[in-house]
Amino acid sequence: MKKITILLLAALICMVPLFAGGAKENAAVASDTVAAKLGIKTVTPGVFTVATSPDFAPYEFYSIGADGTPTLAGFDISLAQYIADYLGLKLEIIPMDFDGTIMEVQQKNVDAGMAGYSPSPDRAEAMEFSAVYYTGGQSFVTTKANASKFQSLADTNNAKMKIGAQIGSIQVGLAQENSPKADIVQLSKVTDIIAELLNGSLDGAYIETAVAESYAKNYTDLAIVLPVPYDQEGSVVGISKGNLALLEGVNQAIAQALSDGSMGKFIEQANELATGNIIEGLLN
Ligand code: ARG
């Protein structure tokens, strides 16, 4: 009898560390989340780490509050928070130049890139594409003074012209396709492209239509002159290649954001904030 009690006691004592270990793990990463159910692994456990390029209102930009403090805003940022909440993860957003976001996703330093990505075929090697969460279009942009020079895309194909496009973006491809004779000037920020258009260093530029419209409200000299055809229209989240559990979770969250009206609200809020006091580009 005594022997059995001692054995039982010994067994119980051995089990204590097991329970304690289990409790510790649960404290770090909650087990009842969508992320846990789908078996999602992230770069930092419990955190959805996202790279973005905040030179792209209304997708992502800095909104300056009444007290002068800049905060990341835009419908990509709202959607990133919605996805993180849906998955039960904390959100960490890392701002950088656009081509950097693609590299960080490709090198798996982040879980995802949310920067108005077009699902371009040459990018498919570097990342998984989520479902489309926003459908926009592409435009050729110039200044009001030069607008009449551009009656069709053929007028952009001129050896005397300097035409801008953001480094690493599909707009570089659009420029090469439609304006091969022009001097195609690649700049790292859309903000710089707008500045160079306005000061006359560029004759025109290829920009996402929603972004061009947003800038045109703040810089009234800008003119959106021509729509530009593009096959892979729509914006997607770029997800770390091979992270199919995360892809599934992100797609579930996007489907819900589209059907419950959240995405519509995010776009509306972003458009409103983008016409206010903002910084487009990186903070120094
Ligand atoms: N949609 C284009 C692309 O995927 C441009 C995106 C640029 N995004 C940005 N945040 N600057 O290449």
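Refer to the structure presented above.
Since we're looking at a predicted model, the values are computed, not measured.

Reading the values: rules and limits
- Residues numbered from 1 in each chain as written.
- Predicted model: local features only at pLDDT ≥ 70, side-chain atom pairs only at ≥ 80, totals over all residues.
- Heavy atoms only, no water.
- Near = heavy atom within 4 Å.
- Polar contact = N/O pair within 3.5 Å; in protein donor to acceptor, adjacent residues only side chain to side chain.
- Areas by Shrake-Rupley, 256 points an atom, 1.4 Å probe, with all protein chains shown as cover.
- Helix = DSSP H or I, 4+ residues; strand = E, 2+ residues; numbered from the N terminus.
- Nonpolar A, V, L, I, M, F, W, Y, C, P; charged D, E, K, R; others polar.
- Pairing = 2+ DSSP bridges.
- Contact = heavy atoms within 4.5 Å.
- Axes fitted to C-alpha atoms, helices over the stretch in contact; angles between N-to-C directions.
- Core = buried A, V, L, I, M, F, W, Y, C linked by side-chain atoms within 4.5 Å.
- Buried < 20%, exposed > 50% of the residue type's maximum accessible area, 1.4 Å probe, protein only.
- Salt bridge = Lys/Arg side-chain N within 4 Å of Asp/Glu carboxyl O.

(A) Structural detail: the site of the ligand. Around the ligand, a shell composed of 15 residues is seen, among which Asp55, Ala115, Ser118, Arg123 and Ile170 lie nearest. A distance of 2.8 Å separates a nitrogen atom of the ligand from a polar atom in the side chain of Asp55. Against a free-state accessible area of 350 Å², the protein chains account for coverage of 100% of the ligand. Those elements that provide at least two residues to the shell around the ligand are strand E5 (112-117) and helix H5 (170-178). A per-element tally of the shell around the ligand places E5 first, with three residues. Looking at the shell around the ligand residue by residue, the classes come out as five nonpolar, six polar and four charged.

(B) Representation of the sheet that holds strand E13 (residues 278-279) within the structure. Taken together, the three strands give an open sheet; going across it, the order is E3-E2-E13, and neighbouring strands pair in antiparallel fashion. The open sheet has two free edges, formed respectively by strand E3 (70-73) and E13, since each of these has just one partner strand. Summarising the sheet, strand E2 (residues 61-64) and E3 pair through four bridges and their orientation is antiparallel. From the neighbouring strand, Ile64 faces E3, where its bridge partner is Pro70. Across the sheet, helix H9 (residues 262-274) is in contact with E2, E3 and E13; its angle to E2 comes to roughly 65 degrees.

(C) How the structure looks around the nonpolar core. In terms of nonpolar packing, the biggest core is built from 47 residues, with Phe48, Phe75, Ile83, Ile207 and Val237 touching the most fellow members. For this core, the element with the most residues is helix H3 (residues 75-87), which contributes eight residues. Ranked by size, the runner-up nonpolar core spans 13 residues in total, among them Leu174, Leu226, Val228 and Tyr230.

(D) Representation of the pattern of salt bridges in the model. Scanning all chains against the criterion turns up two salt bridges. Here Lys189 and Asp97 are joined by a salt bridge, their closest N and O atoms 3.1 Å apart. On the criterion of sequence distance, the pair formed by Lys189 in the loop between strand E9 (183-187) and helix H6 (190-198) and Asp97 in the loop between strand E4 (90-95) and helix H4 (98-106) is long-range, its members being 92 residues apart. Note on Asp97: relative accessible area 22%, which makes it partly exposed.

(E) A look at the sheet that holds strand E10 (residues 204-208). The sheet built from five strands is open, its strands ordered E9-E8-E10-E7-E11 with mixed pairing. The open sheet has two edge strands, E9 and strand E11 (222-228), and neither has a second partner. Strand-to-strand, the axes of this sheet are offset by a mean angle of 30 degrees, without reference to chain direction. Two strands pair when backbone bridges link them, and strand E7 (residues 138-143) and E11 are joined in this way by six bridges, in the antiparallel orientation. Note that in E11 the partner of Ser139 across the bridge is Pro227.

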